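Chains, contacts and geometry: an overview
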Amino acid sequence: VSQKNTTIVVGAKTFNEQYILSEMIAQILKDNGYQAVVKSGLNDGTLFEGIKNGQVGVYVEYTGTAYSQLLKLPALQTWDPDVVSAKVKEGLAGENITVLSQIGFRDDYTIAVREDWAVSHNNVSTISELVPYAKDLVFGSDLVFHEREDGLPSLQKVYGLTFKDVKPMSPTLMYEAIKNGQVDVIPPYTTDSRVDLYKLRTLRDDRSAMPPYHAILLANAGLAKNPGVVQALAVLNGKIDTTTMRELNRQFDIDKRDAQEIAHTYLVQQGIIK
Ligand code: PBE
């Protein structure tokens, strides 16, 4: 059980909302008298190991990612979000990890093409309709989507979707890459404002190959026994919806504001910290 004089490590992955939310968590903890430090730029495996052994105290994960990547549970026919959340909570408990809350928003993977390309190709609007064109198209992946079980391999299995080439890149660069025509298809995150700003069309996952990704706040089980920490972070329960998260991400990606400052402004505006 962590005392007020031990430092709580807040972990984060490598994209917009992860930087913003980890700053929020750290600022809330500090406002409640705890010491906290953000460690960002971590990959899923490092975060999973860290939160199990306590080197990471808290971080934001996503139900679909915890389900398929961390717990390696078998794909479902239809992805009922409540079933996914329940299985994740139970599975993580067995790994010394406590789900403190659902934050409120979903950050799903989608598949997107340029709007003008879609219009000139029979108005493609579902993943099924993309399949016949894929052999001539280049897919720009984030660093992991093309090889994770719930990503491209699942789309290959469910739809028979196979591209001419796959180019992995940092998640933040793939939006520029499709805008500039370096790639034809990308897997945007649904909380990213660049989908609209760059005139992309997201295609409906009409055979439900991909799981839901609700944002969940995870804590090391030892830390979760500290009622003060749990109570301090309870303010995030259901607090941030998808529209709000997209707007905060827009401030980061488009306005180029600092994550720490975005987090601070939001928490003050909401009356969460002074
Ligand atoms: N997501 C969607 C992934 C990346 C995009 C946020 C669920 C994840 O980091 O788990």
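Anyway, here's the lowdown on the structure attached to this text. Remember, predicted model here, so these are calculated numbers, not experimental data.

What follows concerns the pairing of strand β3 (residues 58–62). The buried count for β3 comes to five of five residues, which makes it a mostly enclosed element. The alternating pattern of β3 places V58, V60 and Y62 and Y59 and E61 on opposite faces, both of which are buried. Taken together, the five bridges between β3 and strand β10 (residues 214–220) define a ladder with antiparallel strand orientation. Across the sheet, the residue bridging to V58 is A219, located in β10.

Our focus in this paragraph is the nonpolar core. Among the nonpolar cores identified, the biggest contains 71 residues, and M24, I25, L29, I111, L130, L155 and F163 are the most heavily contacted of them. Per-element tally for this core: the top contributor is helix α1 (residues 16–31), with seven residues. Not counting the four nearest positions on each side in its chain, M24 is found in contact with I240, L248, A263, Y266 and L267. The next biggest cluster of nonpolar side chains, apart from the first, holds 18 residues, and it includes L42, F48, V84 and I97.

Under the criterion given, the structure shown has 16 salt bridges. D136 is the partner of K135 in a salt bridge, and the nearest nitrogen-oxygen pair spans 3.8 Å. Taking relative accessible area as the criterion, K135 reaches 56% and is therefore assigned exposed. The shortest N-O distance in the salt bridge between R250 and D255 comes to 3.1 Å. The class for R250 is partly exposed, based on a relative accessible area of 25%.

Right, let's talk about the site of the ligand for a bit. The environment of the ligand is formed by K13, F15, E61, Y62, T65, D107, Y109, Y189 and Y213. Within the side chain of K13, one N or O atom sits 3.1 Å away from an oxygen atom of the ligand. One of the side-chain N or O atoms of T65 is found 2.6 Å from an oxygen atom in the ligand. For the ligand, the accessible surface in isolation is 280 Å², of which the surrounding protein chains cover 98%. Broken down by class, the residue content of the shell around the ligand amounts to five nonpolar, one polar and three charged.

Parameters and conventions
- Residues numbered from 1 in each chain as written.
- Predicted model: local features only at pLDDT ≥ 70, side-chain atom pairs only at ≥ 80, totals over all residues.
- Heavy atoms only, no water.
- Buried < 20%, exposed > 50% of the residue type's maximum accessible area, 1.4 Å probe, protein only.
- Helix = DSSP H or I, 4+ residues; strand = E, 2+ residues; numbered from the N terminus.
- Pairing = 2+ DSSP bridges.
- Core = buried A, V, L, I, M, F, W, Y, C linked by side-chain atoms within 4.5 Å.
- Contact = heavy atoms within 4.5 Å.
- Salt bridge = Lys/Arg side-chain N within 4 Å of Asp/Glu carboxyl O.
- Near = heavy atom within 4 Å.
- Polar contact = N/O pair within 3.5 Å; in protein donor to acceptor, adjacent residues only side chain to side chain.
- Areas by Shrake-Rupley, 256 points an atom, 1.4 Å probe, with all protein chains shown as cover.
- Nonpolar A, V, L, I, M, F, W, Y, C, P; charged D, E, K, R; others polar.

Any link to function would need more than the numbers given here.
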